[in-house]
Amino acid sequence: MAHTQTLEAADLAPFDGVEPDAAWAEEVRRLARERDAVLLAHNYQVPAIQDIADHTGDSLALSRIAAASDASTIVFCGVHFMAETAKILSPDKTVLIPDARAGCSLADSITGEQLRAWKAEHPGAVVVSYVNTTAEVKAETDICCTSSNAVDVVASIPADREVLFLPDQFLGAHVKRKTGRENLHVWAGECHVHAGINGAELSERAAANPDADLFIHPECGCATSALYLAGEGAVAADKVKILSTGDMVHEARDTKARSVLVATEIGMLHQLRKAAPEIDFRAVNDRASCRFMKMITPAALLRCLREGADEVHVDPETAKRAEASVRRMIEIGQPGGGE
Ligand code: 13P
Ligand code: SF4
């Protein structure tokens with residue numbers, strides 16, 4: 001039966017003694033109005049946070065919404081680099097994150113200094129950084145991208161230019177496959193959550209559910225295996241869909257499949273089930289929970305709105321250097337999935 005599997009881990013996220021009930025929701029809304037704040041939530045947030053937000057979506061959609069919003073305060077329920085990106089785009093707005101410790105193992109896999117050294121080895125190369133990077137790395141970047149527009153971004157670069165793509169090796173491999181570019185060099189970083197969703201697990205699940213679609217985030221360790229399975233005929237090629245979190249929601253509305261295996265962080269299942277309640281969505285790995293995303297608890301959101309903390313600051317000089325690469329990102333590719 002749909003909806004029984006995999007919700008547990010997200011639902012068991014620590015609520016710090018604050019139940020996300022109707023009184024909590026009313027207080028959050030009241031405080032948000034008082035602060036003239038827009039609430040943004042990433043698709044991996046716990047269900048209660050996704051449901052209270054003004055907008056829930058993938059990192060590209062949320063960046064676009066943050067840039068276009070009239071609100072004087074942005075409350076970013078996601079991880080730190082996402083809130084930092086909103087601050088880079090809107091330096092005059094107050095940007096809050098309910099828990100500043102919500103980092104990202106992928107963003108931590110390359111520093112500004114490492115990128116400068118890599119660039120020195122490839123003079124003249126165009127640097128494309130995934131949005132999961134620090135402001136310091138973005139300041140050394142020519143164009144940022146997210147999983148929903150990475151292929152479009154790389155395709156927009158003249159074919160004869162070398163490209164340094166960072167920091168995710170699995171997304172990099174996907175972009176290389178899609179664009180067929182030999183002059184694309186990929187940094188060997190990874191997200192610990194997605195790298196842990198492996199090909200063996202996916203093959204086993206796919207064999208047990210031969211009619212299911214496979215929705216796979218390109219950061220996953222199993223993305224290459226899925227394409228290999230399709231290539232071998234073990235899975236029908238049209239069932240393998242490599243998608244950003246926002247594009248998964250679009251595809252959920254369009255697919256004719258009755259069951260879908262989902263390879264990404266398990267918070268994603270909530271939006272998918274809301275978008276298509278008649279489909280049986282199951283996680284390929286139901287332990288794939290991002291502990292950083294789950295630091296944004298109902299209690300943390302309340303505290304954030306009451307105290308105006310944690311505020312996100314980006315050094316103005318770094319922000320200025322990073323802004324151009326982030327603006328290019330939000331201009332390239334189709335709008336990602338946000339509600
Ligand atoms: P999306 O850009 O698909 O929302 O993914 C962000 C992320 O952190 C994936 O782990
Ligand atoms: Fe970072 Fe991975 Fe968490 Fe996404 S799921 S925020 S890439 S650690």
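Everything quoted here is computed from the prediction, not taken from an experiment.

Engineer: Let's hear about the site of ligand 1: which residues, and what values?
Structural biologist: Surveying the vicinity of ligand 1 reveals the residues H42, Y44, D58, S59, Y130, N132, S147, H194, H217, E219, S244 and T245. One nitrogen or oxygen atom from the side chain of H217 is found 2.9 Å from an oxygen atom belonging to ligand 1. For ligand 1, whose unbound accessible area comes to 300 Å², protein coverage reaches 96%. Residues of the shell around ligand 1, tallied by class, amount to two nonpolar, eight polar and two charged.

Engineer: Account for the site of ligand 2, with residues named and values stated.
Structural biologist: As a structural note, the neighbourhood of ligand 2 is formed by Y44, V79, C104, S105, L106, N132, C191, H192, H194, E219, C290 and M293. Tallied by class, residues from the shell around ligand 2 come to seven nonpolar, four polar and one charged.

Engineer: An account of the pairing of strand β12 (residues 280-283) is requested, with residue identities and associated values reported.
Structural biologist: As paired elements, strand β11 (residues 259-263) and β12 share four bridges and run parallel to each other. Along β12, the bridge assignment pairs L261 with R282. Where the polypeptide runs from β11 across helix α14 (residues 268-275) and back to β12, its parallel neighbour, the crossover connection is right-handed.

Engineer: Could you give an account of the environment of A139, with specific residues and numbers?
Structural biologist: The residue A139 is located in the loop between α7 (135-138) and β6 (143-145) in this model. Once you skip the residues sitting within four places of it in the chain, A139 turns out to touch T318, R321 and A322.

Engineer: Tell me about the nonpolar core, and name the residues and values.
Structural biologist: Most often, soluble globular proteins keep nonpolar side chains buried together rather than apart. Within the largest apolar cluster, 108 residues are counted, with the highest numbers of intra-cluster contacts made by V75, V128, F165, I216, L272, F281 and L301. Broken down by element, the residue count for this core peaks at six residues, all from helix α5 (residues 80-89). Beyond its immediate chain neighbours, meaning those up to four positions away, V128 contacts T141, I143, C145, V153, V154, I157, V163, L164, F165 and L166.

Engineer: An account of the sheet that holds strand β3 (residues 73-77) is needed here, citing residue identities and associated values.
Structural biologist: The strand order β2-β1-β3-β4 describes an open sheet built from four strands, whose pairing is parallel. Of all strands in the sheet, those with a lone pairing partner are β2 (55-57) and β4 (94-96), marking the two edges. Taken pair by pair, the neighbouring strands of this sheet meet at an average axis angle of 20°, ignoring direction. Note that β3 and β4 share three bridges and pair parallel. Residue pairing across strands places V75 opposite L96, the latter belonging to β4.

Engineer: Can you explain the packing of helix α4 (residues 59-68) against helix α16 (residues 316-331)? Please cite residues and give values.
Structural biologist: Two elements in contact, α4 and α16, have axes separated by 10 Å at closest approach and are oriented at 110°. Taken together, the axes of α4 and α16 lie roughly perpendicular to each other. Listed contacts from α16 to L60, S63, R64 and A67 of α4 are M329, I330 and E331. Across the contact of α4 with α16, the residue classes tally to four nonpolar, one polar and two charged.

Calculation criteria
Residues numbered from 1 in each chain as written. Chains lettered and ligands numbered in written order. Predicted model: local features only at pLDDT ≥ 70, side-chain atom pairs only at ≥ 80, totals over all residues. Heavy atoms only, no water. Near = heavy atom within 4 Å. Polar contact = N/O pair within 3.5 Å; in protein donor to acceptor, adjacent residues only side chain to side chain. Areas by Shrake-Rupley, 256 points an atom, 1.4 Å probe, with all protein chains shown as cover. Nonpolar A, V, L, I, M, F, W, Y, C, P; charged D, E, K, R; others polar. Pairing = 2+ DSSP bridges. Helix = DSSP H or I, 4+ residues; strand = E, 2+ residues; numbered from the N terminus. Right-handed = clockwise from strand over helix to strand, strands pointing away. Contact = heavy atoms within 4.5 Å. Core = buried A, V, L, I, M, F, W, Y, C linked by side-chain atoms within 4.5 Å. Buried < 20%, exposed > 50% of the residue type's maximum accessible area, 1.4 Å probe, protein only. Axes fitted to C-alpha atoms, helices over the stretch in contact; angles between N-to-C directions. Parallel < 35°, antiparallel > 145°, perpendicular 65-115°, else oblique.

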